[in-house]
Amino acid sequence: GCDHAALTLKDAVKAHLLELGHEVKDFGIYQAGEKCDYPEKAAEVARYLRDGNAERGILICGTGVGMSIAANKVKGIRAACCENAFSAQMAREHNDAHILCLGARVLGPAVALTMVDAFLNSSFAGGRHCNRVNLISEMECK
């Protein structure tokens, strides 16, 4: 999903994922000039994942920050705003992040695609990280 600041990057990410054989659910926006409020798009994608309809999500706005803040308000979701492939990989391996948030005004398409690949090709490492992820989950209940 994306807002109006990120249509071009969202379309590039979608094309890349389809080319790799991934199934993609596009939450829009879909055309130039279309507007939306990023918290609504973030909630839509986060709830879709929370409800078990997908394994991972990608949200894109101008900086990625607004999408990550909004998506993290959905109980059970961990969204990570990243600016490089290493952070995207660590978000999965150490934090068991469900959603990668990208900034269309911060990243070029080539960097964004390497981040998407790193995020999707990484798995939660478990082990010592389980306790930390559990502590984050407990915070949602307080």
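This text follows the structure it describes.
None of these values were measured; they are calculated from a predicted model.

Engineer: An account of the sheet that holds strand β1 (residues 57-61) is needed here, citing residue identities and associated values.
Structural biologist: Reading across the sheet, the 3 strands line up as β1-β3-β2 and stay open at both edges, with parallel pairing between neighbours. Strand pairing shows two members of the sheet lacking a second neighbour, β1 and β2 (79-81), which therefore form its edges. Pairwise comparison of adjacent strand axes, ignoring direction, gives a mean angle of 25° for this sheet. Where β2 and strand β3 (residues 99-103) come together, 3 bridges link them in parallel fashion. Looking at the pairing, Ala 80 lines up with Leu 100 of β3. Helix α2 (residues 38-50) contacts β1 and β3 of the sheet and is inclined by roughly 175° relative to β1.

Engineer: Which residues make up the environment of Leu 59, and what are the values?
Structural biologist: Residue placement: Leu 59 occurs in strand β1. Leaving out residues up to four positions away in the same chain, Leu 59 has contacts with Gly 1, Lys 41, Ala 42, Val 45, Met 67, Ala 71, Ile 99, Leu 100, Cys 101 and Leu 102.

Engineer: I'd love a proper account of the side chain of His 16, names of residues and values included.
Structural biologist: Here His 16 shows up in helix α1 (residues 7-19). A polar atom in the side chain of His 16 sits 2.7 Å from the side chain of Asp 117. Leaving out residues up to four positions away in the same chain, His 16 has contacts with Leu 113 and Asp 117.

Engineer: Got a sec to walk through the pattern of salt bridges? Specific residues and values, please.
Structural biologist: Applying the stated criterion across every chain yields a total of 7 salt bridges. We note a salt bridge from Lys 10 to Asp 11, for which the minimum N-O separation is 3.2 Å. On the basis of relative accessibility, which here comes to 6%, the residue Lys 10 falls in the buried class. Judged by relative accessible area, Asp 11 falls into the partly exposed class, the value being 35%. Across the salt bridge formed by Asp 26 and Lys 14, the nearest N and O atoms sit 3.1 Å from each other. Placement of the pair is Asp 26 in the loop between α1 and α2 and Lys 14 in helix α1, with a sequence separation of 12 residues. What makes Lys 14 partly exposed here is its relative accessible area of 28%. Ionic contacts of the salt-bridge type, sharing partners, join the residues Lys 10, Asp 11, Lys 14 and Asp 26 into one network.

Engineer: So what about the packing of helix α4 (residues 85-93) against helix α5 (residues 109-120)? Which residues, and what values?
Structural biologist: Packed helix pairs are specified by the crossing angle of their axes together with the interaxial distance, meaning the distance between the axes. One can describe the packing of α4 onto α5 by two numbers: an axis separation of 8 Å at closest approach and a directional angle of 20°. Judged by the angle between their axes, α4 and α5 are roughly parallel. Seen from above, α4 lies across α5 with right-handed handedness. Of the residues in α5, those touching α4 at Ala 85, Ala 88, Gln 89 and Arg 92 are Thr 114, Met 115, Ala 118 and Phe 119.

So, how was this worked out
Residues numbered from 1 in each chain as written. Predicted model: local features only at pLDDT ≥ 70, side-chain atom pairs only at ≥ 80, totals over all residues. Heavy atoms only, no water. Pairing = 2+ DSSP bridges. Helix = DSSP H or I, 4+ residues; strand = E, 2+ residues; numbered from the N terminus. Axes fitted to C-alpha atoms, helices over the stretch in contact; angles between N-to-C directions. Contact = heavy atoms within 4.5 Å. Polar contact = N/O pair within 3.5 Å; in protein donor to acceptor, adjacent residues only side chain to side chain. Salt bridge = Lys/Arg side-chain N within 4 Å of Asp/Glu carboxyl O. Buried < 20%, exposed > 50% of the residue type's maximum accessible area, 1.4 Å probe, protein only. Parallel < 35°, antiparallel > 145°, perpendicular 65-115°, else oblique. Left-handed = near helix turned anticlockwise from the far one by under 90°.

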